[in-house]
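# Structure at a glance
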Amino acid sequence: MPQTSLKVLFVASEMFPLIKTGGLADVVGALPRALNAAGAKVTVFLPGFPKVLRGLETSRTLARLTDVGGRKAALIKGRTASGIDVIALDAPHLFNIDGNPYLDDSGNDRAGNDIRYAEFSRIAARLASGDIGRVKYDILHAHDWQAGLAPAYLKAAGSPVKSVLTVHNLAFQGLFPKETFNGLGLPDDFYGPDGLEYWNKVSFLKAAIAYCDHITTVSPSYALEIQSDAGGMGFGGMLRAKGAALSGILNGIDLDVWNPETDPDIPANFGAEDLAGKVKCKAALQTSLGLTVDPRAPLFCVVSRLTTQKGLDLLADMTDYIALTGGQLALLGSGDSAIEDAFLAAAKKHPTQIAVTIGYNEPLAHRLQAGSDAIFIPSRFEPCGLTQLCAMRYGCVPVVGRTGGLNDTVIDANPMALQDGVATGIQFYPIDGHNLYAAIKRAFDAYAEQETWNRIVDNCLAQDVGWDASAQKYMQLYQGLAD
Ligand code: ADP
Ligand code: GLC
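Rules and cut-offs
- Residues numbered from 1 in each chain as written.
- Chains lettered and ligands numbered in written order.
- Predicted model: local features only at pLDDT ≥ 70, side-chain atom pairs only at ≥ 80, totals over all residues.
- Heavy atoms only, no water.
- Near = heavy atom within 4 Å.
- Polar contact = N/O pair within 3.5 Å; in protein donor to acceptor, adjacent residues only side chain to side chain.
- Areas by Shrake-Rupley, 256 points an atom, 1.4 Å probe, with all protein chains shown as cover.
- Domains from an automatic or database assignment.
- Helix = DSSP H or I, 4+ residues; strand = E, 2+ residues; numbered from the N terminus.
- Nonpolar A, V, L, I, M, F, W, Y, C, P; charged D, E, K, R; others polar.
- Expected span 1.5 Å × (residues − 1).
- Buried < 20%, exposed > 50% of the residue type's maximum accessible area, 1.4 Å probe, protein only.
- Phe/Tyr/Trp six-rings, centres within 6.5 Å; stacked < 30°, edge-to-face > 60°.

Before going further, it helps to spend a moment on the site of ligand 2. Within the structure, ligand 2 sits among 14 residues, and His168, Asn251, Glu382, Cys384 and Gly385 are positioned closest to it. At 2.6 Å from an oxygen atom of ligand 2 is found a side-chain nitrogen or oxygen belonging to His168. Taking Cys384, its main chain carries an N or O atom lying 3.0 Å from an oxygen atom of ligand 2. Contact with the protein chains covers 93% of the free accessible surface of ligand 2, which is 310 Å². When residues are assigned to domains, the shell around ligand 2 turns out to be shared by domain 1 (7–252 + 467–482) and domain 2 (276–462), each giving three or more.

Before going further, it helps to examine the site of ligand 1. Taken together, 19 residues are adjacent to ligand 1, and Gly23, Asp26, Arg305, Lys310 and Gly359 come closest. A distance of 2.8 Å separates an oxygen atom of ligand 1 from a polar backbone atom of Leu386. Burial of ligand 1 by the protein chains amounts to 92% of its free accessible area of 570 Å². Among the secondary structure elements, those contributing two or more residues to the shell around ligand 1 are α1 (23–37), β13 (299–306), β14 (328–335) and α13 (362–371). Here the shell around ligand 1 gets three residues from one element, more than from any other, and that element is β13. Considered class by class, the residues forming the shell around ligand 1 number five nonpolar, eight polar and six charged. Counting only domains with at least three residues in the shell around ligand 1, you end up with domain 1 (7–252 + 467–482) and domain 2 (276–462).

Attention now moves to helix α17 (residues 433–448). The terminal C-alpha atoms of α17, which comprises 16 residues, lie 23 Å apart, in line with the 22 Å expected from a rise of 1.5 Å per residue. Considered for burial, the residues of α17 that qualify are Asn435, Leu436, Ala439, Ile440, Ala443, Phe444, Ala446 and Tyr447.

Turning our attention to the packing of aromatic side chains. One pass over the structure, following the stated rule, counts 20 aromatic pairs. Centre to centre, the rings of Phe300 and Phe444 are 5.6 Å apart; their planes meet at 75 degrees, and the pair counts as edge-to-face. Of this pair, Phe300 sits in strand β13 while Phe444 sits in helix α17, placing them 144 residues apart in sequence. Using a relative accessible area of 2% as the deciding quantity, one classes Phe300 as buried. When its relative accessible area of 9% is taken as the criterion, Phe444 is described as buried.

Structure, rendered in structure tokens:
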């Protein structure tokens, strides 16, 4: 099949810049463009959240549907500002949600998530098969549990459309009571240990693992980790059994959104050839956050969900050490209230050295990456991680736990790597407080040797963190399945 005719339907619940809670949105916002450049024709199928419908540059009604969760709905076809085709499922009784698409204001799973994402996946499968919308796709590419039932619906309908599942985070499994199964309209034998059943519950993620034609995850290291009993989070055996139908393809970032030479959100632009702008960004950041303005104080940042996955409880214990050693910490994030409170208390204690912003703030995330010397990502597990890629592009050195995509994208500044000119950061392992402490100490020491540090920064800036190489790998995968 010639590359140009490969039609791919992405099925995902988030897409930057329309709606985002994390890295999934970044991937779905950027990878289609790289795939289109490589010869595919990607359409992204999204839930019709108000932000999605409002954010489309163009839109028209593609089809009217009579029964989606018992009510009428419509498919809206449109395009994003960056030229990616989108189809949104406009079903206000399911998707009239302005806040977090999965969690309510108290942080609990939203009532009705089972019907919401089951119907989304059911319509995705019909769309991919050409039952509605009149285009038949070669590949349905489902992302995470929210799209997990789509491969099951394809198989149940006997559709020839091939499906790929990308696991962005195995910890999110789409678990619901077993009674949910009765409302899904799937054949009875889909409820079983080889199907959707998971310890007497239904798992939407397991549905995709069972019924898709290929599974990818977002880094080669995480692809190995999830096949172990510890990293497999209950799915290790099933994933091991997939053999060659499971692979890891590393994420990239959107080089236009994250470009220090043109970024409109940072106070001064800069690039690998001239870092004068970065010095200005650091001073401006220190000023705006109320930190002591000092070009030689190592300024660390965090841009993250504040959860135990991200290991930030470990970092919260290091704030006195960082401040007493003359470092600074600028944190942006939100999540577990105990972690938020610990950092807020540290900022109160060391107001000129620690600044904490609780919330979600895209422009500030850019200013932190541009103005900081280093970023902490002490994740206990990390399927890929995108902030270390953004950081490297902005000359901000990642200090990371050696796990998943952090292992694949950051090269530890050990003496050999430094000598070979390939060191891009600091890794630590096992991931615990003791080793994080040692990593912070190494960062202070490396920063004190200005020449060493500058070499690491230069290596970071020289990394290719874009999507092109990985897009080629997805293309090969699609082609192999579609042939
Ligand atoms: P995850 O998806 O597990 O949260 P990633 O590193 O893959 O982790 O992606 C996180 C994305 O969300 C990055 O683009 C990061 O810049 C962004 N992000 C995380 N927290 C915030 C925040 N508080 N404000 C702005 N952007 C954030
Ligand atoms: C998930 C993972 C993160 C990954 C992102 C995009 O949210 O936690 O590591 O980078 O998905 O694939």
